[in-house]
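# A look at the structure
Here are the chains, one letter per residue:
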Amino acid sequence: MQTSTVIEQMRVLPKIDVNYEVERRVDFIKTQLINSGMTNLVLGISGGIDSCALGKLAQISVNQLNKEYARNYQFIAVRLPYNVQADEADAQASIDFIQPSQNLAVNIQPGADAIDQQTRLALDTAGLLTGSESKCDFVKGNVKARTRMVIQYQVAGILDALVLGTDHSAENVTGFYTKYGDGACDLAPLFGLNKRQIRQIAEFLGAPQNIIYKAPTADLETLAPQKSDEQALGMSYDQIDDFLEGRVVAVDIAEKLVAIFEKTQHKRVPIPTIYD
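Residues numbered from 1 in each chain as written. Predicted model: local features only at pLDDT ≥ 70, side-chain atom pairs only at ≥ 80, totals over all residues. Heavy atoms only, no water.

### Section: the sheet that holds strand β4 (residues 161-163)
This is how the line gets drawn: Strands were regarded as paired on the criterion that DSSP finds at least two bridges between them. In this text, helices come from DSSP runs of H or I with a minimum length of four residues, and strands from runs of E with a minimum of two, each type numbered from the N-terminal end. Here an angle of 0 to 180 degrees is reported between the N-to-C directions of two axes, which are lines fitted to C-alpha atoms, with helices fitted over the stretch in contact. Note on contacts: a residue pair is in contact if any heavy atoms of the two residues lie within 4.5 Å.
Read from one edge of the open sheet, 4 strands run β3-β2-β1-β4, paired in parallel fashion. With partners counted over all chains shown, the strands left at the sheet margins are β3 (102-105) and β4, one partner each. Along the sheet, successive strands turn relative to each other by an average axial angle of 25°, direction set aside. For strand β2 (residues 74-79) and β3, the ladder comprises 4 bridges, and the chain directions are parallel. Considered in β3, the bridge of Arg79 is made with Ala105. Across the face of the sheet, helix α3 (residues 49-68) comes into contact with β1 (40-44) and β2 while running at roughly 170° to β1. Together, β2 and β3 form the strand contacts of helix α4 (residues 88-98), whose direction differs from that of β2 by roughly 170°.

Structure representation (structure tokens):
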């Protein structure tokens, strides 16, 4: 696959008008919510820049809708820690900044642990538990991500809400999300932006500085807690962002990104059927 094809599919502009991007993404959220016939939005708030920025856009959207229509639109921010989260203070700072209509917290540890334990027990009983401890820990990280999304959709189902997703183009191009975990959602308002552009939007909205510039981490692995995205990817977000903006990057970085894009393409396409 050609580099230009990958860049074109990610829809990232070389430079953005921040005010315009905020307005059009708020309008997108509002339109999607109105068309759905629902009145609520749900998003898990992690303590990272993506959920912080999107949470604020969601709250702006429902605030505007409440002024425009005689209905009670709400944004429900959901904290989904695995027991005690290492950067819980950042998550709470995001909540304080967003000022969501409602916020709640659900500890995912009991559910994720039970799924992991019962699955490993079944595999072990069948003599099929052959993976290394590090591989099992990595896979359990995906269980955590999927447990979080199950909870968000349960909240959404009970409250008649749409689930927001934080997937953006720097994440999408690398497939750096869990399939049917944080990759699952009803709408993805940040797509078409790279990481530095999300930081620009967060800065424009007045997000806390320590959240804007903290090292992004999925923090899913028990054996490697708080492992940074850049460490896991083997490249920096600046390199990914430069690539997406069409700037000159090292040949090996461009080749690696194209290879990762091709390898993770199954995450972006519809489920195959015999008619495809």
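And the narrative resumes.
### Re the pattern of salt bridges
Here is the rule: By salt bridge we mean one thing: a side-chain nitrogen of Lys or Arg within 4 Å of a carboxyl oxygen of Asp or Glu.
Evaluated as defined, the whole model comprises 15 salt bridges. When the shortest N-O distance is used, the salt bridge between Arg79 and Glu88 registers 2.5 Å. Across the pair Glu245 and Arg247 runs a salt bridge whose closest N-O atoms are separated by 2.9 Å. Here the residues in one salt-bridge network are Arg196, Asp238, Asp242, Glu245 and Arg247, joined through shared partners.

### What about α4?
Selection criterion: Under the scheme applied here, a residue whose accessible area is under 20% of the maximum for its type counts as buried, over 50% as exposed, and between as partly exposed, the area being computed with a 1.4 Å probe on protein chains only. By arc we mean the arc of the directions from the helix axis to the C-beta atoms, nothing more.
Buried within α4 are the following residues: Asp90, Ala91, Ser94, Ile95, Phe97 and Ile98. Projection of α4 onto a plane perpendicular to its axis shows the buried side chains occupying an angular sector of 165°, all on one side. Summarising the geometry of α4, the exposed residues directed more than 90 degrees from the buried face are Ala89 and Asp96. The elements touched by buried residues of α4 are α3, β2, β3, α8 (195-205) and α9 (209-212). Directly after α4, the chain includes Gln99, whose backbone phi takes a positive value near 55°.

### Notes on helix α11 (residues 237-244)
The buried fraction of α11 amounts to 6 of the 8 residues, a majority that puts the element mostly inside the structure. What α11 keeps buried is the set Tyr237, Ile240, Asp241, Asp242, Phe243 and Leu244. Residues of α11 that are buried sit in contact with α1 (3-10), α7 (169-172), α8, α10 (229-233) and α12 (251-263). One or two residues past the end of α11 sits Gly246, with phi positive at roughly 80°.

### Considering the nonpolar core
Under the convention used in this document: Residue types Ala, Val, Leu, Ile, Met, Phe, Trp, Tyr and Cys, when buried and joined through side-chain atoms within 4.5 Å, form a set referred to as a nonpolar core.
In terms of nonpolar packing, the biggest core is built from 35 residues, with Leu41, Phe75 and Leu164 touching the most fellow members. Those elements that place two or more of their residues in this core are α2 (18-36), β1, α3, β2, α4, α8 and α9. In terms of nonpolar packing, the next biggest core, distinct from the first, is built from 19 residues, Ile7, Val12, Ile240 and Phe243 among them.

### Section: the UniProt feature "domain: NAD/GMP synthase" (unreviewed entry) in the protein chain
Rules: UniProt positions are given in the numbering used here, feature names are shortened, and annotations may be inferred rather than shown by experiment.
Within the UniProt annotation, "domain: NAD/GMP synthase" (unreviewed entry) is assigned to residues 22-268. Counted over residues 22-268, helix gives 55% and strand 7%. Its end C-alpha atoms are 25 Å apart.

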